[in-house]
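Coordinate inspection notes
Here is what each chain is made of, one letter per residue.
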Amino acid sequence: GENVEQHPSTLSVQEGDSAVIKCTYSDSASNYFPWYKQELGKRPQLIIDIRSNVGEKKDQRIAVTLNKTAKHFSLHITETQPEDSAVYFCAASIGTSYDKVIFGPGTSLSVIP
Amino acid sequence: GAVVSQHPSWVICKSGTSVKIECRSLDFQATTMFWYRQFPKQSLMLMATSNEGSKATYEQGVEKDKFLINHASLTLSTLTVTSAHPEDSSFYICSGSYNEQFFGPGTRLTVL
């Protein structure tokens, strides 16, 4: 079955710096890769997603890159702010399903003012 | 975005009792809903896929007789934890599928 790995598990950055989180997946049929932000005790919120026919997608300070050959994808947050502090999860679809996904183990991001 | 609600938001029960958690899609019809369990400082673990009008599909290692899922309508799925034990204490989150997954706020279950 699908396996998603994520690194680093914790990340601390100074406010204004960039943060990069990397994920790998095992199922070559996966074609949908969402990223979620979860604050303590709250529901995951979709922040950006990418499909396999695209190599890069950007939304303001957030960007995601996908390398299907290597089966890895990354989240880039620029100009980080304290409110970016949260746990971030990458996920990969199970096969070609657009909604059934497997989550990575998560990255706890701390942005230091 | 679409809204998913869960009820209750938290519940405390005694060991051996059963607990029902409701998941509702408020402004869309969800033919598919997903149930996850999340232990403290861990990721979301997919438990089962719930399809309206049919039996749920459980992930490997999830006991279907312990975690009963019913998806009776396009807007409601329920998860019943039967004969709950302390090790079932966790944060249970559902999601409804509508072009993407929309998550409920979660239910924190504590079994004494």
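Placed above this text is the structure.
Residues numbered from 1 in each chain as written. Chains lettered and ligands numbered in written order. Predicted model: local features only at pLDDT ≥ 70, side-chain atom pairs only at ≥ 80, totals over all residues. Heavy atoms only, no water.

Another point: the pattern of salt bridges. Residue and element names in this part refer to chain A. Inspection of every chain in the model, using the stated rule, returns 6 salt bridges over all chains. Here Lys-57 and Asp-49 are joined by a salt bridge, their closest N and O atoms 2.9 Å apart. On the basis of relative accessibility, which here comes to 37%, the residue Lys-57 falls in the partly exposed class. Taking the shortest distance from any N to any O, the salt bridge between Asp-84 and Arg-61 comes out at 2.9 Å. Placement of Asp-84 in the loop between strand 8 (72-77) and strand 9 (86-93) and of Arg-61 in the loop between strand 6 (56-59) and strand 7 (62-67) is noted, with a sequence separation of 23 residues between them. (Salt bridge = Lys/Arg side-chain N within 4 Å of Asp/Glu carboxyl O. Buried < 20%, exposed > 50% of the residue type's maximum accessible area, 1.4 Å probe, protein only. Helix = DSSP H or I, 4+ residues; strand = E, 2+ residues; numbered from the N terminus.)

Residue and element names in this part refer to chain B. Reading across from one edge, 1-3-8-7 is the order of the 4 strands in this open sheet, with antiparallel pairing throughout. One side of each edge strand has no neighbouring strand; the edge strands of this open sheet are strand 1 (4-7) and strand 7 (67-73). If you compare each strand with its neighbour and ignore which way they point, the axes differ by 15° on average. Sheet topology places strand 7 next to strand 8 (residues 76-81); 5 bridges connect them, and they run antiparallel. Its bridge partner lying in strand 8, Asn-70 is registered against Thr-78. (Pairing = 2+ DSSP bridges. Axes fitted to C-alpha atoms, helices over the stretch in contact; angles between N-to-C directions.)

Our next topic: the nonpolar core. With 25 residues, the main nonpolar core has Trp-35, Phe-67, Leu-79, Tyr-92 and Leu-109 of chain B as its most contacted residues. The greatest single-element share of this core, amounting to 3 residues, is contributed by strand 3 (residues 19-25) of chain B. Look past the residues within four positions of Leu-109 of chain B in its chain and what remains in contact with it is Val-11, Cys-13, Val-19, Val-81, Asp-88, Ser-89, Ser-90 and Tyr-92 of chain B. Judged by nonpolar contacts, the second largest core, of 24 residues, contains Ala-19, Ile-47, Ile-48 and Leu-75 of chain A. (Core = buried A, V, L, I, M, F, W, Y, C linked by side-chain atoms within 4.5 Å. Contact = heavy atoms within 4.5 Å.)

Inspection of every chain in the model, using the stated rule, returns 13 aromatic pairs over all chains. Ring plane angle 55° and centroid distance 5.9 Å describe the contact between Phe-28 of chain B and Phe-102 of chain B, whose orientation is recorded as tilted. Of the two residues, Phe-28 of chain B is situated in the loop between strand 3 and strand 4 (32-38) and Phe-102 of chain B in strand 10 (residues 101-103); the sequence distance between them amounts to 74 residues. The same class applies to Phe-28 of chain B and to Phe-102 of chain B, which are both buried. By the ring-pair criterion, three or more aromatic residues cluster together here, those being Tyr-36, Phe-89 and Phe-103 of chain A together with Tyr-36 and Phe-103 of chain B. Residue placement shows Lys-66 of chain B over the ring face of Phe-67 of chain B; its charged tip is 6.0 Å from the ring centre. (Phe/Tyr/Trp six-rings, centres within 6.5 Å; stacked < 30°, edge-to-face > 60°. Lys NZ or Arg CZ within 6 Å of the ring centre and 35° of its normal.)

Here we come to the pairing of strand 11 (residues 107-111) of chain B. All names here are of chain B. Of the two faces of strand 11, only one is covered, namely that formed by Thr-107, Leu-109 and Val-111; the face formed by Arg-108 and Thr-110 stays uncovered. The pairing of strand 2 (residues 10-13) with strand 11 spans 4 bridges and is classified as parallel. Counted as the bridge partner of Trp-10 is Arg-108 from strand 11. Pairing analysis gives 3 bridges linking strand 9 (residues 90-97) to strand 11, with the strands arranged antiparallel.

This next bit is on the state of the cysteines. Enumeration according to the criterion identifies 2 disulfides over all chains in this entry. One disulfide bridge connects Cys-23 of chain A with Cys-90 of chain A, the sulfur atoms lying 2.0 Å from each other. Here the S-S torsion is close to -100°, and the disulfide linking Cys-23 of chain A with Cys-90 of chain A is therefore left-handed. Linking Cys-23 of chain A in strand 3 (residues 19-25) with Cys-90 of chain A in strand 9, this pair joins segments that are 67 residues apart in sequence. Residue Cys-23 of chain A is classed as buried on the basis of its relative accessible area, which comes to 1%. There is a disulfide in this structure between Cys-23 of chain B and Cys-94 of chain B, and the S-S distance comes to 2.0 Å. Handedness of the Cys-23 of chain B-Cys-94 of chain B disulfide follows from its S-S torsion of about 85°: it is right-handed. One end of the pair, Cys-23 of chain B, is in strand 3; the other, Cys-94 of chain B, is in strand 9, with 71 residues separating them in the sequence. Note on accessibility: Cys-23 of chain B and Cys-94 of chain B belong to one class, buried. Of all cysteine sulfurs, the one in Cys-94 of chain B lies closest to Cys-13 of chain B, which takes part in no disulfide; the gap is 18 Å. (Disulfide = S-S within 2.5 Å.)

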